[in-house]
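The lines below spell out each chain.
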Amino acid sequence: MKVDIRNESSLLIWKHLRHASQEIKRETLHQLFQKTPKRADIFHIRHQNLLLDYSKQKVNLNVMQRLSQLAKNSRVISAFDNMMSGAVVNQSEGRSALHTALRLPQGQKLVVKGEDITQKVHTTLHAMELIVHKLHAGYWRGCTGEPITDVVNIGVGGSDLGPFFACQALHEFVPENAQHLQVHFVSSMDGIHIDRLLKKLNPATTLFIVASKSFKTPDTLGNAKIAKAWLHSLDSEYHERMKHHFIGVSSSAERMTEFGIQHQLPVFDWVGGRFSLWSAIGLPIAIKLGMKHFRELLAGAHAIDQHVINAPIANNIPLTMGLIAVWNASFLDIHAHTILPYDERMRHLPGYLSQLEMESNGKAVTHDGQIVASQTSPIVWGNVGANAQHAYFQLLHQGTHYVSSDFIAPISRYENATDITEQQRALQEQEKLMLANCITQSRLLAFGDQIKDGDSTPHLKYRGDQPSSTLLMDRLTPYNLGSLLAIYEHKVFVMATLWNINPFDQWGVEMGKRMAQSMLADIQNPQDSQQSHYDSSSALLLNAVKKQNHYGSSNQS
Ligand code: F6P
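Nothing here was measured: the structure is a model prediction, and the numbers come from that model.

How each quantity is defined
Note on numbering: residues in each chain are counted from 1, in written sequence order. Confidence filtering applies because this is a predicted model: local features only for residues at pLDDT of at least 70, side-chain atom pairs given and counted only at 80 or more, and all residues used for totals across whole chains, interfaces and linings. Computation of side-chain values covers all heavy atoms of the structure but excludes hydrogens and water. Helical segments are the DSSP runs of H or I of at least four residues, strand segments are the runs of E of at least two, and each set is numbered from the N terminus. Buried means the residue's accessible area, taken with a 1.4 Å probe over protein chains only, is under 20% of the maximum for its type, while exposed means over 50%, and partly exposed covers the values in between. Values of accessible area rely on a 1.4 Å probe in the Shrake-Rupley scheme; residue burial ignores everything except the protein chains shown. One heavy atom suffices: a residue is near a molecule or strand as soon as one of its heavy atoms comes within 4 Å of it. Identification of polar contacts relies on pairs of N or O atoms within 3.5 Å, with a donor-acceptor requirement for protein atoms, meaning one able to donate a hydrogen and the other able to accept it, and with residues adjacent in sequence counted only if both atoms are side-chain atoms. Of the grid points, spaced at 1 Å and generated over the protein atoms alone, those admitting a 1.4 Å probe that cannot get out make up cavities, while open sets with protein on both sides within 12 Å along at least five of seven lines make up pockets; any residue with an atom within 4 Å of a point is treated as lining. If over half the atoms of a molecule are within 2 Å of the grid points of a cavity or pocket, the molecule is regarded as sitting in it. Classification convention: Asp, Glu, Lys, Arg as charged; Ala, Val, Leu, Ile, Met, Phe, Trp, Tyr, Cys, Pro as nonpolar; all other residues, Gly among them, as polar. Strand pairing is defined by DSSP finding a minimum of two bridges between the two strands. Axes here refer to lines fitted to C-alpha atoms; in helices the fit is confined to the stretch in contact. Angles between the N-to-C directions go from 0 to 180 degrees. Whether two residues are in contact is decided by their heavy atoms: any pair within 4.5 Å suffices. In this entry, domain limits derive from an automatic or database-based domain assignment. Two aromatic rings, drawn from Phe, Tyr or Trp (for Trp, its six-membered ring), form a pair once their centres lie within 6.5 Å of each other, and the interplanar angle then sorts them: stacked below 30 degrees, edge-to-face above 60, tilted otherwise. In our convention, an over-ring charge means Lys NZ or Arg CZ found within 6 Å of a ring centre and within 35 degrees of that ring's normal.

## Section: the overall build of the chain
Move 1: Each helix and strand counted, the chain has 22 helices and 13 strands in total.
Move 2: Seen through its C-alpha atoms, the chain measures out along the principal axes to roughly 75 × 70 × 60 Å.
Move 3: Evaluated residue by residue, the chain yields a buried proportion of 53% over its 557 residues.
Move 4: When the accessible area of the chain is evaluated, it comes to approximately 25300 Å², of which 54% is carbon and sulfur surface.

## A word on the site of the ligand
Move 1: Taken together, the neighbourhood of the ligand is formed by 14 residues, with Gly 158, Ser 159, Ser 212, Ser 214 and Thr 217 sitting nearest.
Move 2: Within the backbone of Gly 158, a nitrogen or oxygen atom sits 2.7 Å from an oxygen atom of the ligand.
Move 3: In this structure, an oxygen atom belonging to the ligand sits 2.6 Å away from a side-chain N or O atom of Ser 159.
Move 4: Expressed as a share of its isolated accessible area of 400 Å², the protein-covered part of the ligand is 88%.
Move 5: The pocket occupied by the ligand, as judged from atoms lying within 2 Å of grid points, is the largest pocket.
Move 6: Partitioning the shell around the ligand into residue classes produces 2 nonpolar, 8 polar and 4 charged.

## Points about the pairing of strand 13 (residues 468-473)
In regular strands, side chains alternate between the two faces of the sheet.
Move 1: The element strand 13 is extensively covered by neighbouring structure, given that 5 of its 6 residues are classed as buried.
Move 2: Sheet topology note: the strand 2 (residues 50-53)/strand 13 ladder contains 4 bridges and is antiparallel. Bridging from a neighbouring strand, Asp 53 pairs with Thr 470 of strand 13.
Move 3: By the bridge criterion, 6 bridges tie strand 12 (residues 404-410) to strand 13 in an arrangement that is parallel. Across the sheet, Pro 410 pairs through a bridge with Met 473, a residue of strand 13.

## Let's talk about the sheet that holds strand 1 (residues 44-47)
Move 1: Taken together, the 6 strands give an open sheet; going across it, the order is 1-2-13-12-10-11, and neighbouring strands pair in mixed fashion. Strands with a single pairing partner mark the edges of an open sheet, and in this sheet they are strand 1 and strand 11 (379-382). Strand-to-strand twist across the sheet, computed as the mean angle between neighbouring axes with direction ignored, equals 15°.
Move 2: Together, strand 2, strand 10 (336-341), strand 12 and strand 13 form the strand contacts of helix 19 (residues 478-499), whose direction differs from that of strand 12 by roughly 165°.

## Structural notes on the sheet that holds strand 9 (residues 263-266)
Move 1: Sheet architecture is open: 5 strands sit in the order 6-5-7-8-9, paired in parallel fashion. With one partner strand each, in any of the chains shown, strand 6 (182-186) and strand 9 form the two edges of the open sheet. Ignoring which end each strand starts from, the neighbouring axes of this sheet average 20° apart.
Move 2: Of the strand pairs in this sheet, strand 5 (residues 150-154) and strand 6 are connected by 5 bridges, and their pairing is parallel. The residue of strand 6 that forms the bridge with Val 152 is His 184.
Move 3: Along the sheet face, helix 9 (residues 218-230) touches strand 5, strand 6, strand 7 (206-211) and strand 8 (246-250) and points at about 160° away from the line of strand 7.

## Observations regarding the domain arrangement of the chain
It is common to give the size of an interface as the accessible area that goes away when the parts come together.
Move 1: Segmentation of the chain into domains returns domain 1 (8-73 + 311-499), domain 2 (112-293) and domain 3 (509-555).
Move 2: Here the C-alpha centroids of domain 2 and domain 3 sit 34 Å apart.

## Some points on the packing of aromatic side chains
Move 1: Under the counting rule described, the total for this entry stands at 17 aromatic pairs.
Move 2: Taking the centre distance of 5.9 Å and the plane angle of 75° together, the rings of Phe 215 and Phe 259 count as edge-to-face. Taken together, the residues Phe 215 in the loop between strand 7 and helix 9 and Phe 259 in helix 11 (residues 253-259) connect sequence positions 44 residues apart.
Move 3: By relative accessible area, Phe 215 is classed as buried at 3%.
Move 4: Phe 259 sits in the buried class, given a relative accessible area of 10%.
Move 5: It is Arg 39 that lies over the ring of Phe 33; its NZ or CZ is 5.2 Å from the centre.
Move 6: Residue placement shows Lys 228 over the ring face of Phe 259; its charged tip is 4.0 Å from the ring centre.

## Section: the environment of Ile 194
Move 1: Inspection of the secondary structure puts Ile 194 in helix 8 (residues 192-198).
Move 2: On the basis of relative accessibility, which here comes to 0%, the residue Ile 194 falls in the buried class.
Move 3: Taking the C-alpha atoms as reference points, Ile 194 and Gln 423, 229 residues apart in sequence, are found 37 Å from one another.
Move 4: Once you skip the residues sitting within four places of it in the chain, Ile 194 turns out to touch Ile 154, Val 186, Asn 223, Ile 226 and Ala 227.

Structure below.
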């Protein structure tokens, strides 16, 4: 079913919201808090181990009520139902988007086109479990008989960012029986990435996972070819090397086979790349953290799938975050959004969310091919909050742009034991310092000089009025991390539904891939490209590259 948000009552709500935005733009966050000192009591949501405080967003009760009406009118919940039941929501590619099916508990049926999807999902999970068990027990051996010590995931975008982030974030959850395994990630098409890593590894004890949904991505295939060539030094047959040192994860069994890969895991056609860490693309996570923790990650995400369709709007975390994101982008003209985890373990969260948000909602046409009526995805970037404070926060505090922020932090990391060492005590102090900074920065961004009498000297002024939400979780666990990522997935879907755009395709990145192939042919061509079909700028750059590297002439000889 196509969601029609352009019906008359929706238009009326958009109009009311536009009007409300003109009013609220005249008020500062400081004034909003003065008017309603207990704003935080109204504008927060608790769910399981999570607390979302959005009182520092520029909203009031009227705005939240209108946004809720918009959600209802845009049939957001039925859009979720559609998506979760396997309807073709990715219309430009004629596909479903069933990432939520990847975290359905065993036994819960989901029949799509006459097939029980959950069964396929659990068969794959079982196949992953076998691989994980063999690696942890030291049964999986290289072709010369030595147990595997290093696993290298080769993939890019959705086949890299999620697993890479989760592995870094949850390092403390590596089980005892997996301590002997190191999991590495190679994503860049720049060969230096893999070359540097391979210099440190032993081919006899290294296993590669080639993760590519399409199994067409040149970046990944190029790196996989380098890995293949590197294994040449092993004293064994090609077939044996491929059998013992490669696992493929893809939706194309044919292409994996063509590449020589025998151990294969499927990625289903109905899972988008940036939504795929819950599938076999998550194999590196399962290898590093063990299947138990991988299943906890899935359970945390599933809990949010339930929450998003069942909780009333006012108590619904992803829905509220999605509505606020649309409010900021479409009504308050805030087009930059920064992700600020106050936790070193979540350093790579902003990279993951940049793809999730911008590749999904960086669209300008609606489902029916019309130019979208408002601005869509903001520019999303970020860093560990404590480090960002010493880098780009200056712009947030005193620059000319309005920027919204998500502060994210686990509340506690260390056990509250009294009998601790000096070093543990120092670590606990650091944790408190981190949290104090997290709360302080959102406060300063919101209120600026108005917190206390600021200095009126122009260069010392803090304008404030930069909106933010803060999402706290009790601890960083696989379960909570699963919940966090599902919240953002659903937030993105809410935004797309309100804008009536397709968050599941990415045609914008396809053209560049094709053009790079023809540029590559020209780099290899010894002729000067000045007179070619290129613009003068591209021709100048191309010739400079060719001259310096003699690519063309070496190709000739
Ligand atoms: O180029 C963008 C993209 O298609 C992403 O959407 C995707 O996550 C990434 O490339 C990798 O694709 P694949 O898993 O097919 O190699």
